[in-house]
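So the chains spell out like this:
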Amino acid sequence: MANVAGIPVYKEIGATPAPATDTDSAPVVIVGAGPVGLAMALDLGRRGHAVTVLNRLDFVAHCSKAICFSKRSLDILDRLGAGDAVTDKGVVWNIGKVFWGGDDAPVYQFDMLPVKDQKRPGFVNIQQYYVEDYLLDEVSKLPNVEIRWGHAVEDVTPGPEGVTLDVTAGGQGYRLHAGWLIACDGSRSTVREKMGLDFEGRVFEDNFLIADIRMTHEMPPERWFWFDPPFNPGRSALMHRQPDDVWRLDFQLGWNIDREAAIRPENVEPFVRAMLGEGVAFEREWYSVYTFQCRRMARFVHGRVIFAGDSAHLVSPFGARGCNGGFADIDNLGWKLDLVLRGAADAALIETYNDEAIATADENILNSTRSTDFLTPKSTASRALRDAVLELAGEHAFARPFVNSGRLSTAVSYPTSLLSTPDAETWAGGVPPGSPVLDAPLEDGWLLDALGDDFVLISHGWDGTAPEGLMRLEVSGLAAERLALPEGGATLVRPDQYVAARWQHPTTEAIAAALSRARGALLKGDACLH
Amino acid sequence: MSALTLTPNLSGHDDLYQSLVALHEGLSEEDSLKVWAKLALLLANHIGDRRVIEAAIAAARPAA
Ligand SMILES: Cc1cc2nc3c(=O)[nH]c(=O)nc-3n(C[C@H](O)[C@H](O)[C@H](O)COP(=O)(O)OP(=O)(O)OC[C@H]3O[C@@H](n4cnc5c(N)ncnc54)[C@H](O)[C@@H]3O)c2cc1C
């Protein structure tokens, strides 16, 4: 039996007994086994660290949460070993279409994979619980990662050398001392609350109904979005295909509604029939109403306590930037914390997680807020502007790019990262420092797969010697072209696949300097100034 | 400093003024707002220079 009632269960796991003694310690503790906590545990676990995960629930929940996982997330999941399971199960899509009114022809359409010949598509749709399950499969292969199911953090006492947690498990309390604490405990984060930390931003009033239904239906695997459709006049709607013949229908409901009443089948089903036809045969999977917020913590790093995922930032679902943003967090943090834990980098390196994850969160919040302003205009004038765009878009190509039904998640760049070595030469295109490597075919595989999860020097016909211990990958053809690497050039890539530096004429010394900078060598002085 | 032209740059001002008034004839206030928005979008795209457009937005904004 699930330890918390009222939440649908995808998979029972069962409570982990409390430790035998009432005080316990662990070098790294992750609070929360949602997708972000699990991915974090997997990243650190694969790097050989002992990781303890505490999760309040003793089961995997079956809710209507994330379904759209971005290419960047798939690249991260590939690195963590879960990419194939997710992609094989998921519904692959690249094209989004936006309709207006009753017209069958879209007013706008976009392609989430503008550069072809990459391993992964722009997006896959898959229920969040499958992603959690596949991450769990990988985590369970690691003897050094322990998940404690049904263990809830009740209080947090930070200290200079770590954090002390008060935990309850099956009615029994114990104290756990953590060297480092990563709070992946979601939007209502206990860790954030107990530390008295802020969470600032906007809360939106609009309500959206999600009807996840099962039916057999033919439609291309695309994201379809409507403004003012006949089946939800004056409002918006969204339709996504998920695996197992499950469909997500999302209807904007407006303000001041009775949320309890809104999810009753007799109130939901008329929406479904109006959209798909009176005769449509379907079964209810799960009905829910959500509102949303765009907000984040002022800082994500507080000494030995680090926030990642929804505990640190929240966005509207329309850009699919929530979980995808959370995966970007752990991707950024994993290798940095690894170096610090191994004593190979100063703790100041963690401060760059604060900078880069906040840059990502800000871009996600900005895009998400802008989409919201287009979806639900807040004044007569902004509604007039929105409708003007839609009317013009039907007739003229120029107006179509203004149509904003959600700008979907793509990788965020850090152009001013302190870890990057700025270009010293003039480059025509390619991937600049602070941006993720663009995938390309490589012999019988893919460039991103060949990068692994350590620093790599990608070279194109360079015959120099790389600094000792640095992995080296020789490329040509499309891979070199996409990096704009001339014959004899090289690109230094971070463990999270972001470019740290690039050269048309590399030298061993320049590479070594860029490598130590990317590992935070220049940061120590700065950290003392705080 | 901005590249926005703020000196007279066309002829037939009265004709243009009349066209703009006529554009709104018979429209509700809501529809008028939409027509203004369309016009702004059409012109902005034609100008095609974000700096000029931002300068025009700044020049149009009521003084605080
Ligand atoms: C309707 C909807 C649609 C969405 N669609 C998308 C989408 O398409 N794409 C996308 O990227 N994102 C989407 N999201 C957002 C996505 O679901 C979240 O961003 C994601 O779940 C965040 O993961 P997390 O691991 O940070 O937090 P959570 O999933 O909230 O996990 C937190 C975990 O911490 C545990 N926990 C909480 N408190 C404690 C405690 N005190 N002690 C121990 N454990 C604790 C909880 O039990 C839970 O397991 C959507 C969200 C909604 C609501």
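Criteria and cut-off values
- Residues numbered from 1 in each chain as written.
- Chains lettered and ligands numbered in written order.
- Predicted model: local features only at pLDDT ≥ 70, side-chain atom pairs only at ≥ 80, totals over all residues.
- Heavy atoms only, no water.
- UniProt positions renumbered as here; feature names shortened; annotations may be inferred.
- Helix = DSSP H or I, 4+ residues; strand = E, 2+ residues; numbered from the N terminus.
- Near = heavy atom within 4 Å.
- Polar contact = N/O pair within 3.5 Å; in protein donor to acceptor, adjacent residues only side chain to side chain.
- Nonpolar A, V, L, I, M, F, W, Y, C, P; charged D, E, K, R; others polar.
- Buried < 20%, exposed > 50% of the residue type's maximum accessible area, 1.4 Å probe, protein only.
- Contact = heavy atoms within 4.5 Å.
- Buried area = accessible area lost by both parts, 1.4 Å probe.
- Salt bridge = Lys/Arg side-chain N within 4 Å of Asp/Glu carboxyl O.
- Pairing = 2+ DSSP bridges.
- Axes fitted to C-alpha atoms, helices over the stretch in contact; angles between N-to-C directions.
- Domains from an automatic or database assignment.

As annotated in an unreviewed UniProt entry, chain B carries the name DUF2783 domain-containing protein and is attributed to Paenirhodobacter ferrireducens.

Going by the annotation in an unreviewed UniProt entry, the name recorded for chain A is FAD-dependent oxidoreductase, with Paenirhodobacter ferrireducens given as the source organism. As its UniProt record puts it under Cofactor (unreviewed entry), chain A is described as follows: "FAD".

J.: I keep staring at the UniProt feature "domain: FAD-binding" (unreviewed entry) in chain A and nothing clicks. Help me out?
T.: Mapped onto this structure's residue numbering, the UniProt feature "domain: FAD-binding" (unreviewed entry) falls at residues 26-364 of chain A. Secondary structure across residues 26-364 of chain A divides into 29% helix and 35% strand, with the first and last C-alpha atoms of the span separated by 33 Å.

J.: How should I be thinking about the site of the ligand in this particular structure?
T.: Residue and element names in this part refer to chain A. Taken together, 31 residues form the shell around the ligand, and within it Gln128, Thr190, Asp310, Cys323 and Asn324 come nearest. One of the backbone nitrogen or oxygen atoms of Pro35 is found 3.4 Å away from an oxygen atom of the ligand. One nitrogen or oxygen atom from the main chain of Cys68 is found 2.9 Å from an oxygen atom belonging to the ligand. Listing elements by their share of the shell around the ligand, those giving two or more residues are helix H1 (35-46), strand S3 (51-55), strand S11 (151-159) and helix H8 (322-341). Looking at side-chain class alone, the shell around the ligand contains 15 nonpolar, 11 polar and 5 charged residues.

J.: Is there a simple way to think about the side chain of A:Gln252 in this case?
T.: Residues and elements named next belong to chain A. Its place among the elements puts Gln252 in strand S18 (residues 246-254). A relative accessible area of 6% means that Gln252 is categorised as buried. Excluding residues within four positions of it along the chain, Gln252 makes contact with Asp206, Asn207, Phe208, Asn232, Arg235, Ser236, Leu375 and Thr376.

J.: Would you mind going over the interface of chain B and chain A with me for this structure?
T.: Note on interface size: it is often stated as the accessible area lost on association of the parts. The interface is formed by 8 residues belonging to chain B together with 11 residues belonging to chain A. Of the roughly 950 Å² buried where chain B meets chain A, counting both sides, 81% is carbon and sulfur surface. Of all residues in chain B, the largest losses of buried area upon contact with chain A belong to B:Lys34, B:Lys38 and B:Leu41, amounting jointly to 56% of the total for that side. Taken together, the connections running from chain B to chain A amount to 2 salt bridges. Ionic pairing is found between B:Lys34 and A:Glu391, a salt bridge with its closest N-O pair at 2.6 Å. One can count 2 residue pairs in polar contact (both at pLDDT 80 or more) joining chain B with chain A. Considered class by class, the residues forming the side of chain B that touches chain A number 4 nonpolar, 1 polar and 3 charged.

J.: Where do I start with the pattern of salt bridges in this structure?
T.: A side chain of one charge can pair with a side chain of the opposite charge when the charged atoms of the two come close. Residue and element names in this part refer to chain A. Under the criterion given, the structure shown has 36 salt bridges over all chains. Between Asp24 and Arg148 there is a salt bridge, with the nearest N and O atoms lying 2.8 Å from each other. In this pair, Asp24 sits in strand S2 (residues 23-31) while Arg148 sits in strand S10 (residues 145-149), placing the two residues 124 residues apart along the sequence. According to the relative accessible area criterion, Arg148 is buried, its value standing at 8%. A salt bridge links Asp453 to Arg79; the shortest N-O distance between them is 3.9 Å. Placement of the pair is Asp453 in the loop between helix H11 (447-451) and strand S26 (456-460) and Arg79 in helix H2 (residues 71-80), with a sequence separation of 374 residues. Classification of Arg79 by relative accessible area gives buried; the value is 7%. The network of salt bridges with shared partners includes Asp43, Arg46, Arg47, Arg72, Arg79, Asp331 and Asp453.

J.: Would you take a moment to explain the sheet that holds S26(A) for this structure?
T.: In sheet architecture, strand pairing relies on hydrogen bonds along the backbone and comes in two forms, parallel and antiparallel. All names here are of chain A. Judged by pairing direction, the sheet is mixed, and its 4 strands sit side by side in the order S27-S26-S28-S29 without closing on themselves. Each end of this open sheet is capped by a strand with a single partner; those strands are strand S27 (471-474) and strand S29 (499-503). Across this sheet, the average inter-strand angle for adjacent strands is 20°, counted without regard to direction. Taken together, the 4 bridges between S26 and S27 define a ladder with parallel strand orientation. What sits directly across from Val456, in S27, is Met471. Relative to the sheet, helix H13 (residues 508-518) contacts S26, strand S28 (489-493) and S29, its axis offset from that of S29 by approximately 165°.

J.: Hey, could you run me through the domain arrangement of chain A in this one?
T.: Taken domain by domain, chain A consists of domain 1 (3-93 + 109-200 + 295-365), domain 2 (203-291), domain 3 (377-402) and domain 4 (413-530). On a C-alpha basis, the centroid separation for the pair domain 2 of chain A and domain 4 of chain A is 45 Å.

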